[in-house]
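Structure assessment
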Amino acid sequence: MNEGSNKVVIDILRTGVPGLDMVLGGGIPEYSFNIVSGSPGTGKTTLVHQLMFANASAERQALYFTVMGEPPIKMLRYQQQFAFFDAAQIGKTIHFVNLSEEAMARGLEHVLERIVVEVERRKAGIVVVDSFRTLARGAAQAPEQMNLTHFVQRLALRLTSWQATTFLIGEYEQNELDISVASVADAIFLLSQNVERNSMVRKLQAVKVRGQDPQPGLHTLRISSAGVRVFPRMLNPVDTELRIMPVEHISTGVPGLDDMLGGGTLRGNTLLVAGPSGSGKTTLATQFIAEGVKHGEPGVIAIFEETPPKYAEHASGFGFDMQKAVRNGSVELMYLRPLDLSLDETLFELQQAVERVKARRVVIDSITALEIALAPSFKEEFRESLYRLLGALTGAGVTVLMTVEITESYTELRFSPHAVSFMTHDIVLQRYVELDGELQTIMAVIKTRGRAHKSELRSYTVGKKGIVVGDVIRGYEGVITAVPRAIQGPKKKPRRR
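Residues numbered from 1 in each chain as written. Predicted model: local features only at pLDDT ≥ 70, side-chain atom pairs only at ≥ 80, totals over all residues. Heavy atoms only, no water.

Some thoughts on the nonpolar core
Rule in force here: Remark: nonpolar core denotes a set of buried residues (Ala, Val, Leu, Ile, Met, Phe, Trp, Tyr, Cys) joined through side-chain atoms within 4.5 Å. In this scheme, a residue with accessible area under 20% of its type's maximum is buried, one over 50% is exposed, and one in between is partly exposed, where area comes from a 1.4 Å probe on protein chains only. For the purposes of this entry, the term helix denotes a DSSP run of H or I that reaches at least four residues, the term strand denotes a run of E that reaches at least two, and both are numbered from the N terminus. The contact definition used throughout considers only heavy atoms, calling two residues in contact when any of these lie within 4.5 Å.
Ranked by internal contacts, the top residues of the largest apolar core, which has 35 residues, are V36, L47, M52, Y64, V128, F167 and F189. At five residues, helix α2 (residues 44-55) tops the list of elements feeding residues into this core. Residues contacting F167, with those up to four places away along its chain left out, are I28, N34, V36, V48, L51, I126, V127, V128 and V129. L336, L343, A359 and M402 belong to the second-largest nonpolar core, a separate cluster that totals 33 residues.

Written out as structure tokens, the structure reads:
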């Protein structure tokens, strides 16, 4: 017998909530005793309903006990608006029981008895009690009766022995849940919502999941007509970042820039293109994707400013038929522009797009606009989330090009207002300068990791061929500050007579 072969196998129930299984490390352990807590409006009831409808069957009957003022019929009137709701299951595989009378008039002892009777009668495999905070208030008003801790402990013991997967729903904020109650639970889910100005963001945290490896931290939760969806913080397993890949140069699509970079960028690198508005950052990004398509490397472009038709029209201006590439699956355009954008949602959708087209190249145009589009609550974790995204993508061998707009004074040499340049392998700087009475554009490679690059300043143009890199700027100093000065030759010494 192999070591570990005598371990008890715990079956896992899929939640039916997109993204939640990934957060929980697989799903809900069968026969577990779970607590779902959070303030009103965070989505607790909808989450549990969605899970219940996904798992209820003739063999696994579901019992939903309501312990609140409103009757089940009122709750169902609203829940049936969601796509997961199946009226055919009501009364056949899903049953609702109102315990309001027992809770208000007879106490926790009678509530427990009623639950026991109904579970035994239905042979229920899923049991929900909504809400057990209502029971707590009732118990506090009748201290001579069974207290809530004793009730939860006895309920957990009974339902686990009956092999039922149980969910207690309660309006508890973080740190409000009684530790004696929490200790009984096999899993605890905390739902919260943050309102800032005109933005509202819901989040979910798997505080505790016994026997599994849940993802830590807060994960964005969205409620739509489809129901609840969770967007995990961690996109890929961490070990993808540790894979050793062979060194492979790939072209940016701009030959002159490849020469400046020392032969192009490397597969799996992150390239940051920084420059002012109109300097050709988007053109360079498009050439990068077009070069990949030419060599059979699919790409994803996440845009936060122009619409997809405008972006495609811009690409056609220098000969790249982006619409055709989108139609044949070589390129996927993601347009994300709401001002309450969830960072977790954005990064998750981007990774999903990468997996759909098997992308080898990704463009984020631009991280400036991405930050503007974010809900206020995500601003402070912008760099952390971007770092996780870049690690996940480059660790899987995807090459990423990001653009960023620079608006600071040209007397300062800065590459990004977001302090993300440390995350990148290569940095290309674009700037406007005045030379000989004309406004010109110049380009410089500031950084390449793991290889040598040219440190010269070169002019470039943006036209029907895209970006074309020209000659080295000679005869001037201070060019990169946009205040160039002609270099004077050495003065001749006067001859001695």
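Okay, back to it.
Concerning the pairing of strand β20 (residues 438-448)
To be explicit about the condition: When DSSP locates at least two bridges between a pair of strands, those strands are taken to pair.
When strand β19 (residues 426-435) meets β20, the two strands line up antiparallel, connected through 10 bridges. By the bridge assignment for β20, I427 is matched with K447. Here β19 folds back onto β20, and the loop between the two strands holds two residues, one of which, D436, carries a positive phi near 55°. By the bridge criterion, three bridges tie β20 to strand β21 (residues 458-463) in an arrangement that is antiparallel. Bridge pairing links T441 to Y460 in β21.

Points about the packing of helix α13 (residues 343-357) against helix α15 (residues 382-395)
Stated formally: Every axis in this analysis is a line fitted to C-alpha atoms, fitted for helices over the stretch in contact. Angles between the N-to-C directions lie between 0 and 180 degrees. What sets the label is the angle itself: under 35 degrees gives roughly parallel, over 145 gives roughly antiparallel, 65 to 115 gives roughly perpendicular, and the rest give oblique. Whether a crossing is left-handed or right-handed is set by the direction in which the near helix is turned from the far one by less than a right angle, anticlockwise for left-handed and clockwise for right-handed.
Put simply, α13 and α15 touch, their axes get as near as 10 Å, and they point 15° apart. Taken together, the axes of α13 and α15 lie roughly parallel to each other. As for the relative orientation of α13 and α15, their crossing is right-handed in sense. Across from L343, D344, L347, L350 and V354 in α13, the residues of α15 making contact are F382, S385, L386, R388, L389 and L393.

Comments concerning the layout of surface pockets
This is how the line gets drawn: Cavity means a closed set of points on a 1 Å grid over the protein atoms alone, one where a 1.4 Å probe fits but cannot get out, pocket means an open set with protein on both sides within 12 Å along at least 5 of 7 lines, and lining means a residue has an atom within 4 Å of a point. Grid points are joined across faces, edges and corners, and a volume is the space filled by probe spheres set on the points. The classification used treats Ala, Val, Leu, Ile, Met, Phe, Trp, Tyr, Cys and Pro as nonpolar, Asp, Glu, Lys and Arg as charged, and all other residues, Gly among them, as polar.
Counted as a void, the second largest pocket has a volume near 280 Å³. Contributing to the lining of the second largest pocket are 17 residues, with G278, K281, T282, E305 and D365 lying nearest its centre. Going through the elements one at a time, α10 (281-294), α11 (308-316) and β18 (399-405) are the ones with two or more residues in the lining of the second largest pocket. The element best represented in the lining of the second largest pocket is α10, accounting for three residues. Partitioned by chemical class, the residues of the lining of the second largest pocket number two nonpolar, 10 polar and five charged.

Overview of α10
Working note: α-helix, 3.6 residues per turn, so residues spaced by three or four point in the same direction. Convention followed: To estimate the expected span of a helix, count its residues, drop one, and scale the result by 1.5 Å.
Taking 1.5 Å of rise per residue, 14 residues should cover 20 Å, and α10 covers 20 Å from first to last C-alpha, within 8% of that figure. Within α10, 11 of the 14 residues are buried, which leaves it mostly tucked inside the rest of the structure. Among the residues of α10, K281, T283, L284, A285, T286, Q287, F288, I289, A290, E291 and G292 are the ones counted as buried. Positioned one or two residues after α10, G296 has a phi angle of 75°, which is positive.

Observations regarding the sheet that holds strand β15 (residues 299-303)
What links the strands of a sheet is backbone hydrogen bonding, and the strands pair in either a parallel or an antiparallel sense. In spatial order, the strands read β16-β15-β17-β18-β14-β19-β20-β21-β22; together these nine strands make up an open sheet with mixed pairing. Two strands lie at the open edges of the sheet, namely β16 (331-335) and β22 (466-472), each paired on one side alone. Ignoring which end each strand starts from, the neighbouring axes of this sheet average 25° apart. Where β21 lies against β22, five bridges are found, and the strand directions are antiparallel. Looking at the pairing, R458 lines up with V472 of β22. Sheet strands touched by α13: β15, β16 and β17 (361-365). Its angle to β16, the strand with the most contacts, is close to 165°.

Focus: the environment of I35
Residue position: I35 is located in strand β3 (residues 33-38). We classify I35 as buried; its relative accessible area is 0%. Separated by 97 residues in sequence, I35 and F132 have C-alpha atoms that sit 9.5 Å apart. When residues no more than four places from it in sequence are discounted, the contact partners of I35 are F132, L168, L177, V181, A182, A185, A187, I188 and F189.

Focus on unusual backbone geometry
Each neighbour pair has its own omega, and for D365 with S366 the value is 0°, a cis peptide bond. One can find S366 in the loop between β17 and α14 (367-373). In this structure, Y31 is a non-glycine residue whose phi angle is positive, near 70°. Mapped onto the elements of the fold, Y31 is located in the loop between β2 (28-29) and β3. Look at Q163: it is not a glycine, yet its phi comes out positive at around 60°. With relative accessibility at 46%, the residue Q163 sits in the partly exposed group.

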